[in-house]
Amino acid sequence: MPDAPQISPAPAGPGDLDEVDRQIIARLHDNARIPNVDLARAVGISPSTCLARVRSLRERGVIVRYTAEINPAALGFTLQALVSVRIRPGARHLMEQISDELRREPEVAQLFFLGGTEDFLIHVRVRDSEHVRQFVLKNLSANPAVALTETNLVFEHHTALSAGLRAVL
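Scoring rules and cut-offs
Residues numbered from 1 in each chain as written. Predicted model: local features only at pLDDT ≥ 70, side-chain atom pairs only at ≥ 80, totals over all residues. Heavy atoms only, no water. Core = buried A, V, L, I, M, F, W, Y, C linked by side-chain atoms within 4.5 Å. Buried < 20%, exposed > 50% of the residue type's maximum accessible area, 1.4 Å probe, protein only. Helix = DSSP H or I, 4+ residues; strand = E, 2+ residues; numbered from the N terminus. Pairing = 2+ DSSP bridges. Axes fitted to C-alpha atoms, helices over the stretch in contact; angles between N-to-C directions. Contact = heavy atoms within 4.5 Å. Parallel < 35°, antiparallel > 145°, perpendicular 65-115°, else oblique. Nonpolar A, V, L, I, M, F, W, Y, C, P; charged D, E, K, R; others polar. Arc of directions from axis to C-beta. Polar contact = N/O pair within 3.5 Å; in protein donor to acceptor, adjacent residues only side chain to side chain. Phe/Tyr/Trp six-rings, centres within 6.5 Å; stacked < 30°, edge-to-face > 60°. Salt bridge = Lys/Arg side-chain N within 4 Å of Asp/Glu carboxyl O.

Let us now look at the nonpolar core. Formed by 20 residues in total, the largest nonpolar core has its most connected members in Val85, Ile87, Ile122, Val124, Phe135 and Leu140. Those elements that provide at least two residues to this core are strand 1 (79-87), helix 4 (95-103), strand 3 (120-126) and helix 5 (129-141). In terms of residue count, strand 1 provides more of this core than any other element does, 5 residues in total. Counting residues in hydrophobic clusters, the runner-up holds 14 residues, among them Leu17, Val20, Ile45 and Val54.

Next up, the structure:
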């Protein structure tokens, strides 16, 4: 008899998390490199219990990855912009291809596929206004499938855990 297919566990819902899980998530969000012993102390449990809890949160899909937040300005990318894109009605079949191409561009920090007036929202990190202009010209305006773009400069960008998500925790 063949083995049953492996099914990834569904992410835990808010009801599946107790107060300790919520505290662990909040602390890891603020500092994913916190040593386990310090995390355990902060949430009031033993280090071995804490390690088991973090493993469980990963296995249940609550924690998906750990990342380092990089300061783009330190790498010369001193300007951020949001570029909204509308695709021509006759070119809707190209949206996946356009999305794939945009994701490969080094300036693209985030790409959102939208339902609404615009089709994509692209968060780009660039050196200066000329760099964002060149990005739009090369990757969007030159594409016959693109009907419209609108570029907005970002003055501040916050990546903290949203108030809504913190309320669940």
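Bringing the sheet that holds strand 3 into the picture now. Here 4 strands make up an open sheet; going across it, the order is 2-3-1-4 and the pairing antiparallel. If you trace the sheet from one side to the other, it starts and ends with strand 2 (108-113) and strand 4 (146-154), each paired once. Between one strand and the next, the sheet's axes are offset by a mean angle of 20°, whatever the strand orientation. Note: strand 2 against strand 3, 5 bridges, orientation antiparallel. Paired with phenylalanine 113 across the two strands is phenylalanine 120, which belongs to strand 3. Contacting strand 1, strand 2 and strand 3, helix 4 runs over the sheet at an angle of about 165° to strand 2.

This next bit is on the packing of helix 2 (residues 36-43) against helix 3 (residues 47-59). Look at helix 2 against helix 3: their axes get within 8 Å of each other, and the N-to-C directions meet at 100°. When the axes of helix 2 and helix 3 are compared, the pair comes out roughly perpendicular. Facing Asn36, Val37, Leu39 and Ala40 of helix 2, the residues of helix 3 in contact are Pro47, Cys50, Leu51 and Val54. Classifying every residue of the contact of helix 2 with helix 3 by side-chain character gives 7 nonpolar, 1 polar and no charged.

All right, on to helix 5 then. For helix 5, the set of buried residues is His131, Val132, Phe135, Val136, Asn139 and Leu140. Projected down its long axis, helix 5 shows its buried positions confined to an angular sector of 135°, all on one face. For helix 5, the side-chain oxygen to backbone nitrogen distance between the N-cap and glutamate 130 is 3.2 Å, and the N-cap itself is aspartate 128.

It is worth spelling out the packing of aromatic side chains at this point. For any two aromatic rings, the description comes down to two numbers: the centre-to-centre distance and the angle of the planes. For the structure shown, the criterion picks out 1 aromatic pair. Note on phenylalanine 113 and phenylalanine 120: the rings are 5.6 Å apart at their centroids and 50° apart in plane angle, and the pair reads as tilted. By relative accessible area, phenylalanine 113 is classed as exposed at 60%. According to the relative accessible area criterion, phenylalanine 120 is buried, its value standing at 1%.

Further remarks concern the pattern of salt bridges. Following the criterion strictly, the structure yields 9 salt bridges and no others. The partner of aspartate 21 in a salt bridge is arginine 53, and the shortest N-O contact between them spans 3.0 Å. One end of the pair, aspartate 21, is in helix 1 (residues 19-30); the other, arginine 53, is in helix 3, and 32 residues separate them in sequence. According to the relative accessible area criterion, aspartate 21 is buried, its value standing at 5%. Exposure remark for arginine 53: the relative accessible area of 23% places this residue in the partly exposed category. Put simply, lysine 138 and glutamate 105 hold a salt bridge, and the shortest N to O gap is 3.2 Å. Of the two residues, lysine 138 sits in helix 5 while glutamate 105 sits in the loop between helix 4 and strand 2, which places them 33 residues apart along the sequence. Owing to a relative accessible area of 17%, glutamate 105 belongs among the buried residues under this scheme. Among the charged side chains, a network of salt bridges with common partners joins Asp18, Asp21, Arg53 and Arg60.

It is at 11 Å that the axes of helix 1 and helix 3 come closest, and there the two elements cross at 80°. What the angle tells us is that helix 1 and helix 3 run roughly perpendicular. Here Val20, Asp21, Ile24, Ile25 and Leu28 of helix 1 lie close against helix 3, whose contacting residues are Cys50, Arg53, Val54 and Leu57. Residue classes in the contact of helix 1 with helix 3 are distributed as 7 nonpolar, no polar and 2 charged.

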